[in-house]
Each structure stands twice: as structure tokens, then as C-alpha cells.
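Listed below, chain by chain, are the residues.
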There are 2 protein chains.
Amino acid sequence: MHIDYDLIITYGGIAKKISKGEIVFSENSEPKYYYQVLSGSIKIYTSNIQGKEFVQDIYTPGQSFGEPPLLIDKKYLITAEAQEESVILLLKKENFMQLIDEHKEIHFELTKDLANRAYNTLFSAQILANPSPEDKIIKFLNQLVEKNIIEKNTPIPYTRQQIANQIGLRVETVIRSLNKLQKENKVQIINRKLYYL
Amino acid sequence: MHIDYDLIITYGGIAKKISKGEIVFSENSEPKYYYQVLSGSIKIYTSNIQGKEFVQDIYTPGQSFGEPPLLIDKKYLITAEAQEESVILLLKKENFMQLIDEHKEIHFELTKDLANRAYNTLFSAQILANPSPEDKIIKFLNQLVEKNIIEKNTPIPYTRQQIANQIGLRVETVIRSLNKLQKENKVQIINRKLYYL
DNA sequence: CGCTCGTTTGAGAGGACTCAAGGTAGGTGG
DNA sequence: CCACCTACCTTGAGTCCTCTCAAACGAGCG
């Protein structure tokens, strides 16, 4: 989801600077704003799984985040934190609602974005529901390809730890599973770099 | 999500009878229609987890299902099957898009519905991401309360097997975990009926 | 009563997790 | 250019606990 900068400002949006590590909103807090990244990057995660950080997504300039709870008046299930010094745009809920009410094309974009989120989250749920570590990894890699985050025969831009965090496994388990998958020719590991075949 | 019967018909929707066990759409197929239950009930599940059925949801008269992939032109991740003899309304994608384009209030309802789905699916993902069976069960029960499906001190309307299917555990594990939770006074089991405290 | 469906208990195996210890690559400073 | 540091990767041993398989129990119903 992306709304033109000038349009956000026109509707009363403001820009805010966020330092690295600063929290934009946290779990169980009430949504008040529509948020869009102007510069930097915002990390979205859940921290309630036995204190372990469970990364959901990372948002970069032009992308918005945190709409679902805003639209249905529920508390955030996630925490948003600046990964680096960033600037974000804030638009009050009422103004945001007015904006989409008066701009049909943006409303349609929002609809698609929400559909996309529902779709991707279900995909993640299916990864997690899978009891076998190997299957989880394969499904996770598949998802990356589908989301165009990686291409086949391109090294995967995540550390083993980052992969583990996203699929709910331990680093060691990821490593051992990757070894099995390599023997089955489903992934390739060259000089520690991981390739999906 | 719910659209008025007459309106669906006006836009060219048709009703279709579905026998018990019949598939409305299945995983990896292309979305073509907007679907809404008229009578009976439709079960949504994923079957790809080692052949085990993973129930996502059950839809009853007046509710629609399967919109996210329809809106973003992706294949279904789920299978929809009639739990009993049912009648559903089908509306071609183009007509559906035209309908929401011409009815702003319905478009807003769709938006909220999608936000709700994204929210609920994330909640499910957080349940699954939790490594401890007890925590999964507690979070699952919490979700039921939040969705107003159950109230505290009301027997939970699911069999142990159904609970297990929704959180990715075995029946036996659910039973043994429930016993532990009872000892911790987090649930109550009276005459096999389960109460959430 | 006898069937069926859901619940419960037990024993055993497998495998992910934990903890601990090295190994390796890339960057930094002397 | 080399020694060092740090972050990441890897391996091993052992424990714990979920899953599997098998069997039996309980409740509701024709």
C-alpha cells in the first residue's frame, strides 16, 4: 500500500523522525494512525513467543504498515520498530478514512493490499502448521520465490538465524535440515551461501 | 462479509446446490467467483500438511468466503467443502468487482472483512508459532473469547480432535496438555466438558 | 444391549531443543 | 601483511517431549 506524499500531507498527515530501535507502536496498544515509511526501514515482529522475536516483515520507503487493526478497531498484535534512523508519515485515522472515502482508486489499492496480507499471512500459517522442519524450510523458500524476494539460483539473503526466526525453529535445526535438503538436491550450499533450486 | 441476496442476483449471481462432501474449490485452483453461503455450511481447510486436514474456518448462511485470492489473482491456498447439503451463491469476478465499485458501503464492508481476516490469520499464525502445546491451547481459547465464539465459563463447543486440528497438535497431546492446564487452574474440565476460566 | 464416536491412558520411538564448544569468513588496526 | 575480533555457521551429546500405535473406557442412541 502506498499513498502519494502530497496527498497524505493534504489530509493533515505529518512526518516524524524515528531513531534506530525506537518503537512506533507495540503489541496491545490502540491503533490511531495510518503509517507509511518515508525513509529508513521498519521491522514488524511479535515478541510474545517465550520472549523470542518472531519477525513478520520489514517495510521500506513507500510502504505502509499496520492497517488491519486500524480498520477494525482492535489492538495491535505486533510491534513496529525502526531498524535504523527512519522517517515515517502519520495520518490520523479519521483523516485516513476520509481520504479513502474520497479516493476510490486508493480504496481499491487498500483492498488489494489487505487481500495480499491475508494471503501471505495464511501462507505463513501453513508453513508453521507443518510439523516437519524440512517441509517448513521448503515452503518458506517457495514463499520467497512467489513474493519475488529471491529468484532461483540466487543466494538467499538471510542468515540461518533469520530463517529460523521466521519459521519457528532453532538455528541448529535449520542447519541440520538444510544439510538433509542438500543431500536430496532440493537446495544447494556453496561456500555457506544458500541457493534454492 | 455479506451482500444482500437480491443485489447479488441483480448483478448476475446464481444459486447452486452442493451435496455434502462436495468441493466448492480446491487448493491451487484459480478463483473465478465470489461465494456466499445461502444455506448449510462450508468448511475451509488445508490438506497439504502430510495429508492431515487443517481446518481454518466454517462458514454459515450469510457469510462469504475465499475473497483474498480472488482480489489479487492468486491461486487458492485452501479447499472449500460442503459439510452438509448446502446452497451457495456464485457471482462472477467481473460482476463482483463492478458491484463493489458501484456500492461504496459494500466496498467498505469488504475492506473491514479483509482486515478482519488478516488479523485473525495472524492470530492463528501466532498460535502455531508457539512451541509449547499449553501456550497454543491458551492462545487458541483466548482467540475464541475475542471472536465472541465462546464466553468464559461456557463449555467449549469443540471436540478434542477439532481443537487439535486447529492448532496443529495430536488429540492425545491436547488431552494431556489440558490435564496440565487444569492442574494450573487455567481451564476446568467437568464431566469431559471443557471450560475456559 | 450393542453400536459408534469421542475421550483417555500407557509404552515406546524419534527428533527438535538445549547447552557447549569449535570453526570460518570478513573487517579492522597495528 | 598478519593478528585479532566479531558475527555467523557448524558439530556433538544428551534431554525432553511430542508423536505414534495400541487398547480400553465412557456416553449417547437406536
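The model shown is predicted, which means the values in this text are computed figures rather than measured ones.

Thoughts on the sheet that holds strand β6 (residues 64-65) of chain A
Residues and elements named next belong to chain A.
Working step 1: Strands sit in the order β1-β8-β3-β6 across an open sheet of four strands; the sheet is antiparallel. Strand pairing shows two members of the sheet lacking a second neighbour, β1 (14-18) and β6, which therefore form its edges.
Working step 2: The strands touched by helix α3 (residues 93-102) are β3 (33-39) and β8 (86-92); relative to β8, the strand with the most contacts, the crossing angle is about 75 degrees.

Digging into helix α4 (residues 104-129) of chain B
For an α-helix the count is 3.6 residues per turn, leaving residues at separations of three or four pointing the same way.
Working step 1: Taking 1.5 Å as the rise per residue, α4(B) with 26 residues should run 38 Å; its terminal C-alpha atoms sit 37 Å apart, in good agreement.
Working step 2: Most of α4(B) is tucked away, with 20 of its 26 residues classed as buried.

Here we look at the relation of the copies chain A and chain B
Working step 1: Of the two same-sequence chains, chain A is brought onto chain B (RMSD 0.2 Å, axial shift 0.0 Å) by a rotation of 180 degrees. The transformation relating the two chain copies, once decomposed into turn and shift, fits a two-fold axis.
Working step 2: Looking at the interface residues of chain A, 100% of them are also at the interface in chain B, so both copies use one shared face.

Concerning the packing of aromatic side chains
Residue and element names in this part refer to chain A.
Working step 1: Enumeration according to the criterion identifies 16 aromatic pairs over all chains in this entry.
Working step 2: Each ring, one from Phe140 and one from Tyr158, has its centre 6.2 Å from the other, and the planes form 50 degrees; the classification is tilted. Remark: Tyr158 occurs in the loop between α5 (133-146) and α6 (160-167) and Phe140 occurs in helix α5; sequence separation between them is 18 residues.
Working step 3: Residue Phe140 is classed as buried on the basis of its relative accessible area, which comes to 2%.
Working step 4: With a relative accessible area of 21%, Tyr158 lands in the partly exposed category.
Working step 5: Each residue in the set Phe25, Tyr33, Tyr35, Tyr59, Phe65 and Tyr76 is aromatic and connected to the rest through ring pairs, giving one cluster.
Working step 6: Its end group placed over the ring of Phe123, Lys139 keeps NZ or CZ at 4.8 Å from the ring centre.

Quick notes on the protein's contact with DNA strand D
Working step 1: If you check the shell around DNA strand D, you find 16 residues, and the closest are A:Arg160, A:Ile175, B:Arg170, B:Glu172 and B:Thr173.
Working step 2: Counting residues per element, the ones that place at least two in the surface near DNA strand D are α6 and α7 (171-183) of chain A together with α7 (171-183) of chain B.
Working step 3: For the surface near DNA strand D, the residue count by class is three nonpolar, five polar and eight charged.

Topic: the protein's contact with DNA strand C
Working step 1: Contacts to DNA strand C come from 16 residues, most closely from A:Arg170, A:Thr173, A:Arg192, B:Arg160 and B:Ile175.
Working step 2: A breakdown of the atoms of DNA strand C within 4 Å of the protein gives sugar and phosphate a share of 67%.
Working step 3: A distance of 2.8 Å separates a sugar or linking oxygen of DNA strand C from a polar side-chain atom of A:Arg192.
Working step 4: Here the surface near DNA strand C is built from residues that sort into three nonpolar, five polar and eight charged.

Calculation criteria
Residues numbered from 1 in each chain as written. Chains lettered and ligands numbered in written order. Predicted model: local features only at pLDDT ≥ 70, side-chain atom pairs only at ≥ 80, totals over all residues. Heavy atoms only, no water. Pairing = 2+ DSSP bridges. Helix = DSSP H or I, 4+ residues; strand = E, 2+ residues; numbered from the N terminus. Contact = heavy atoms within 4.5 Å. Axes fitted to C-alpha atoms, helices over the stretch in contact; angles between N-to-C directions. Expected span 1.5 Å × (residues − 1). Buried < 20%, exposed > 50% of the residue type's maximum accessible area, 1.4 Å probe, protein only. Least-squares fit on C-alpha atoms with pLDDT ≥ 70 in both. Phe/Tyr/Trp six-rings, centres within 6.5 Å; stacked < 30°, edge-to-face > 60°. Lys NZ or Arg CZ within 6 Å of the ring centre and 35° of its normal. Near = heavy atom within 4 Å. Nonpolar A, V, L, I, M, F, W, Y, C, P; charged D, E, K, R; others polar. Polar contact = N/O pair within 3.5 Å; in protein donor to acceptor, adjacent residues only side chain to side chain.

Don't take any of this as a statement about function, it's just geometry.
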